[in-house]
Amino acid sequence: MRLIRLGSILFFAAAGAAEAQEFALYPPCPPFECGDSRLISETTRPSGPLSWEEQSVRMQIAAESLLRDSAEHVAVALMAGAEAFAADGTFALPDGPGGGIGVVIGTLSARNHPACPADLENARIEFAVERFGWGNPYASTLPVCVSFPRAALDRAPLMELRLSVRCYAGASCSLNATLIDPASDDVIKTLYASGLQLANLGSKRMAWAGVTNIMYDDPVRGAHIRVLDHHYHAEP
């Protein structure tokens, strides 16, 4: 599969608003397990003790075919120390997927992910918190998982994600996420989790977005991402 990417503006930000960026994600490497990811921002955690630190992102996601017709998902990570995938689509080892905390949107089997509700009729899309592994893509876990009707894509093929992660001393973190129909500003689904342990114990604080091709779907489906804003703040 030819790697297709739209032009993007890579913007490295500390605290403050970000310029809008747009890019397309298409896993380039069937028939083996792979994905495609793009760095949204990167900053460095200040040295010394912190009361808390927070990273957030607001983006629009257009991935109707992937969400409706495949068993794949879109992932967004904050507080990460590495990206999920290398340029050739393989897992970005030794450190990927970066040990951050974020969300995944797509088809997630309750058999493989016990936190997800059963969907025997394949009529729903899962929306889950993901605690990404460090140096091991198979170490990622989904501690909280909800779902919404697949029919929501009929009225909202373009969705807006508002995601924030705040971490305290000891790398214990909380997450807030909301999926919104940007045309009406109606809330599609929300997620909240606390007591999440950050696997990234380094100083890098990356935000990235990615899509998977772990089920060898044919044709490979992707996502168009428009990042509206991103922000990082640390409080001594």
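About the cut-offs
Residues numbered from 1 in each chain as written. Predicted model: local features only at pLDDT ≥ 70, side-chain atom pairs only at ≥ 80, totals over all residues. Heavy atoms only, no water. Helix = DSSP H or I, 4+ residues; strand = E, 2+ residues; numbered from the N terminus. Rg over C-alpha atoms; globule rule 2.2 N^0.38 Å. Buried < 20%, exposed > 50% of the residue type's maximum accessible area, 1.4 Å probe, protein only. Contact = heavy atoms within 4.5 Å. Areas by Shrake-Rupley, 256 points an atom, 1.4 Å probe, with all protein chains shown as cover. Lys, Arg positive; Asp, Glu negative; His and termini not counted. Charge placed at Lys NZ, Arg CZ, Asp CG, Glu CD. Pairing = 2+ DSSP bridges. Axes fitted to C-alpha atoms, helices over the stretch in contact; angles between N-to-C directions. Polar contact = N/O pair within 3.5 Å; in protein donor to acceptor, adjacent residues only side chain to side chain. Phe/Tyr/Trp six-rings, centres within 6.5 Å; stacked < 30°, edge-to-face > 60°. Lys NZ or Arg CZ within 6 Å of the ring centre and 35° of its normal.

Participant: So what exactly am I meant to see when it comes to the overall build of the protein here?
Facilitator: Helix and strand content of the protein: two helices and twelve strands. Along the protein, helices (α) and strands (β) appear in the sequence β-β-β-α-β-β-β-β-α-β-β-β-β-β when read from the amino end. In summary, the protein has a C-alpha radius of gyration of 16 Å against a globular reference of 18 Å for 236 residues, a match within 12%. The principal-axis extents of the C-alpha atoms in the protein amount to approximately 50 × 35 × 35 Å. Buried positions account for 50% of the 236 residues belonging to the protein. Excluding contacts between residues fewer than 6 apart, the proportion of contacts in the protein whose partners are at least 24 apart in sequence is 71%. Approximately 10100 Å² of the protein is accessible, and the part contributed by carbon and sulfur atoms is 53%. When the 18 positive and 26 negative side-chain charges of the protein are each reduced to one mean point, those points stand 2 Å apart.

Participant: Sorry, what's going on with the sheet that holds strand β12 (residues 223-235) here?
Facilitator: Sheets are built from strands that pair by backbone hydrogen bonding, the pairs being arranged parallel or antiparallel. A sheet is described by the order of its strands in space; here six strands give the open sequence β1-β12-β3-β8-β9-β10, paired in antiparallel fashion. For this open sheet the edge positions go to β1 (21-25) and β10 (186-197), each flanked by a neighbour on one side alone. Between one strand axis and the next, the sheet turns by 20° as a mean value, whatever way the strands run.

Participant: What's the story with the environment of Glu64 in this structure? I'm lost.
Facilitator: Locating Glu64 in the fold gives a position in helix α1 (residues 64-69). The exposure class assigned to Glu64 is partly exposed, which follows from its relative accessible area of 32%. With near-sequence residues (within four places) excluded, Glu64 lies in contact with Asp69, Leu153 and Pro157. A polar atom in the side chain of Glu64 sits 2.7 Å from the side chain of Arg68.

Participant: Any chance you could explain the packing of aromatic side chains here in plain terms?
Facilitator: Two measures describe an aromatic ring pair: the distance that separates the ring centres and the angle between the ring planes. Tallying each qualifying case throughout the model produces three aromatic pairs. Between Phe85 and Phe91 the ring centres are 5.4 Å apart and the planes differ by 25°, which places this aromatic pair in the stacked class. We classify Phe85 as buried; its relative accessible area is 9%. Ring centres 5.8 Å apart and planes at 70° place the aromatic pair Phe91 and Tyr138 in the edge-to-face group. One end of the pair, Phe91, is in the loop between β4 (73-80) and β5 (101-106); the other, Tyr138, is in the loop between β6 (124-131) and β7 (141-149), with 47 residues separating them in the sequence. What makes Tyr138 exposed here is its relative accessible area of 60%. Through pairs of rings, three or more aromatic residues link up here, namely Phe85, Phe91 and Tyr138. Its end group placed over the ring of Trp52, Arg166 keeps NZ or CZ at 3.6 Å from the ring centre.

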